[in-house]
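Structural characterization, general
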Amino acid sequence: MGLLDWIVIGIFALALIGIIVWVFRQKEETSGDYFLAGRDASWIAIGASIFASNIGSEHLIGLAGAGASSGMAMAHWEIQGWMILILGWVFVPFYSRSMVSTMPEFLERRYNKESRTILSLISLVSYVLTKVAVTVYAGGLVFQQVFGIETMWGIDFFWISAVGLVLLTAVYTVIGGMKSVLYTSVLQTPILLLGSIIIVVLGLKELGGWDEMMRITSAVPVNEHGDSMVNLIRSNRDSDFPWLGVFIGSAVIGFWYWCTDQFIVQRVLSGKNEREARRGTIFGAYLKLTPVFLFMIPGMIAFALHQKYLGQGGFLPLLENGTPNADAAFPTLVAKLLPAGVKGLVVCGILAALMSSLASLFNSSAMLFTIDFYKKYRPDTSENKLLQVGRVATVVIVILGILWIPIMRNIGDVLYTYLQDVQSVLAPGIAAAFLLGVVSSRPTPKGGMWGMISGFIIGVLRLGAKVMYTSMAGSAGYEDVKLWATETGVNNFFYTLFYDVNWLFFSGGMLVFSMAVVLVVSKFTKAASAEQLNGLTFSSASEEDKAATRKSWNHWDVIHSAIIIGLTVVFYIYFW
């Protein structure tokens, strides 16, 4: 890091401080102002915030690492602009007219109070233990790589950068709430995009162009069925990414994340009206087409550079077992390829991504606690008191995130391996309750509640089986659980169903099971009243509701949505 890099970082920090000071001077009088930016956000702010909140450590480390290790396999999860369109076209009208502040609150309106509590608890626990902890952990690792500093003042630099990142983000989230998250996203998103584009261009220049990257990576087999790193659609016999399982699993996880998760939907709830909210999702969908090229392709470039320079010691740092460290792909490109000044800009981009994700998490978590627990049990609390509780809740979540880092660091590899697994088992039960709840008036309050509970129980069993069998195989001296099971004769029903079944097919099976529970329980329990369902399902939407929704879009919204779907199809055809 040269002097010019530090000057660029300083300018970025001053711009950030300027925005925070401006936001702080805008008086927030209600919890709606703090958590939903006063429901006054424009489509640009919503779309930029959806994108910036989504881009976190799993992209800077995980997605680039996936590109360097398995090629295009994980691109299915990133080319999901079409799923954000489902949020905008199908769910925004219901969320907007219900005027709810949180997703659990929507479930209470559609089902019952118990459903609200269940979703709030699942969301809070998953945010603190996975999203907050993983983002902070990855942030520490990234900055340790980029700055090349091992210790400072006798302290491991990982801790300085990780805790510093949390405290910096917490300050502007606690002070400014959702408005600071939205407006700093508008600054951070272009910086992140520009920095990543520079990395792609310089990486391809160093390598010898796009064709050279495709030539090197297409020569690397990823399974025994003839697929290479560049194949998006892989044999259905592939143990990790069978094409049918990928389409099912990525759709289930994508639907839960983009259409029902507080973390993302909160950006849309802050829109001025239905039109701004929908256009924000269309803009966000355009931006969502870029991560494959901004983060996954750099990972493949880093892998190709490593292959090219193998005779000179390679490009990527090596792990203890001698294999290249795929997770170091993005920070290694930053450290080795970028000139002075540009490196500072990209570090700002990385800082922007991590801070934006953390800020959104802190704000969403604090909102879930304040609205779904505190206000629920103390309904007469003044708006000023709710604002204070929201800020305190944010600080508590920050502290919990920091306390989890030591555990995260000790079992980091395990949690990274299981992070998508966690999402694949959290998603189906919640997805079933929302999907059936909006599409049909038939699911009863008890049906929706038990669908979520059953999905959560099966998900916990799946995760428990993963941890149990991995530990048993490890203590017996095996790295490969399936090899251990074969050689020791473990072949019971529990092992086969909860461990051996491919995680993507399991996620799809969970969705079908959870939907079946919703429908079966609904057949034997009391239906919700017509008054309760009013405007919350397709069949209960009034003519006025439908007319208002129709007025909120025009031919340009349809054209842009069609362009996004068309670009997605072209991408699939090219990398088939």
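Residues numbered from 1 in each chain as written. Predicted model: local features only at pLDDT ≥ 70, side-chain atom pairs only at ≥ 80, totals over all residues. Heavy atoms only, no water.

Considering the overall build of the protein
When its secondary structure is counted, the protein shows 25 helices and two strands. Across the 576 residues of the protein, 58% fall into the buried class. When contacts within the protein are restricted to residue pairs at least 6 apart in sequence, those whose partners lie at least 24 apart make up 82%. Surface summary for the protein: the accessible area is close to 23,300 Å², and the carbon and sulfur share equals 66%. (Helix = DSSP H or I, 4+ residues; strand = E, 2+ residues; numbered from the N terminus. Buried < 20%, exposed > 50% of the residue type's maximum accessible area, 1.4 Å probe, protein only. Contact = heavy atoms within 4.5 Å. Areas by Shrake-Rupley, 256 points an atom, 1.4 Å probe, with all protein chains shown as cover.)

Structural notes on the pattern of salt bridges
Within the structure shown, the criterion is met by seven salt bridges. The shortest N-O distance in the salt bridge between Lys288 and Glu78 comes to 2.4 Å. Pair noted here: Lys288 is in helix H13 (residues 274–288) and Glu78 is in helix H5 (residues 75–78), with a separation of 210 residues, a long-range link. Per residue, the accessibility class of Lys288 equals that of Glu78, and both read buried. Arg116 is the partner of Glu108 in a salt bridge, and the nearest nitrogen-oxygen pair spans 2.3 Å. Classification of Arg116 as buried rests on a relative accessible area of 7%. (Salt bridge = Lys/Arg side-chain N within 4 Å of Asp/Glu carboxyl O.)

Structural notes on the nonpolar core
Of all hydrophobic cores here, the largest spans 141 residues; its most connected members are Met72, Tyr95, Met213, Ile350 and Phe571. Top contributing element to this core by residue count: helix H16 (residues 342–377), with 14 residues. The contact partners of Met72, leaving out residues within four places of it in the chain, are Met229, Val230, Asn231, Leu232, Arg234, Val292, Met296, Ile297, Met300, Phe571 and Phe575. (Core = buried A, V, L, I, M, F, W, Y, C linked by side-chain atoms within 4.5 Å.)

Quick notes on helix H12 (residues 262–269)
When you tally the buried positions in H12, you get eight out of eight residues, the bulk of the element. For H12, the complete set of buried residues consists of Gln262, Phe263, Ile264, Val265, Gln266, Arg267, Val268 and Leu269.

A closer look at the confidence of the model for the protein
Predicted confidence across the protein gives a mean pLDDT of 81, with 89% of residues reaching 70 or more. Mean pLDDT values over the elements of the protein span from 49, in helix H2 (residues 31–36), up to 94, in helix H22 (residues 503–523). For the stretch residues 411–417, pLDDT sits under 50, and the model shows 10 contacts to residues farther than four places along the chain or on other chains. (pLDDT = per-residue confidence, 0-100.)

Brief notes about the side chain of Arg278
Mapping Arg278 onto the fold places it in helix H13. Within polar-contact distance, the side chain of Arg278 engages the side chain of Ser552 at 2.7 Å. In contact with Arg278, other than residues within four places in its own chain, are Gly88, Trp89, Val92, Pro93, Thr549, Ser552 and Trp553. (Polar contact = N/O pair within 3.5 Å; in protein donor to acceptor, adjacent residues only side chain to side chain.)

Structural notes on the packing of aromatic side chains
Overall, the coordinates contain 25 aromatic pairs when judged by the stated rule. Consider the rings of Tyr574 and Phe575, whose centres lie 4.8 Å apart with planes at 80°: the pair is edge-to-face. Exposure remark for Phe575: the relative accessible area of 4% places this residue in the buried category. The lysine or arginine in question, Arg278, covers the ring of Trp89, its NZ or CZ lying 5.0 Å from the ring centre. Over the aromatic face of Phe506 sits the side chain of Arg462, whose NZ or CZ is 4.6 Å from the ring centroid. (Phe/Tyr/Trp six-rings, centres within 6.5 Å; stacked < 30°, edge-to-face > 60°. Lys NZ or Arg CZ within 6 Å of the ring centre and 35° of its normal.)

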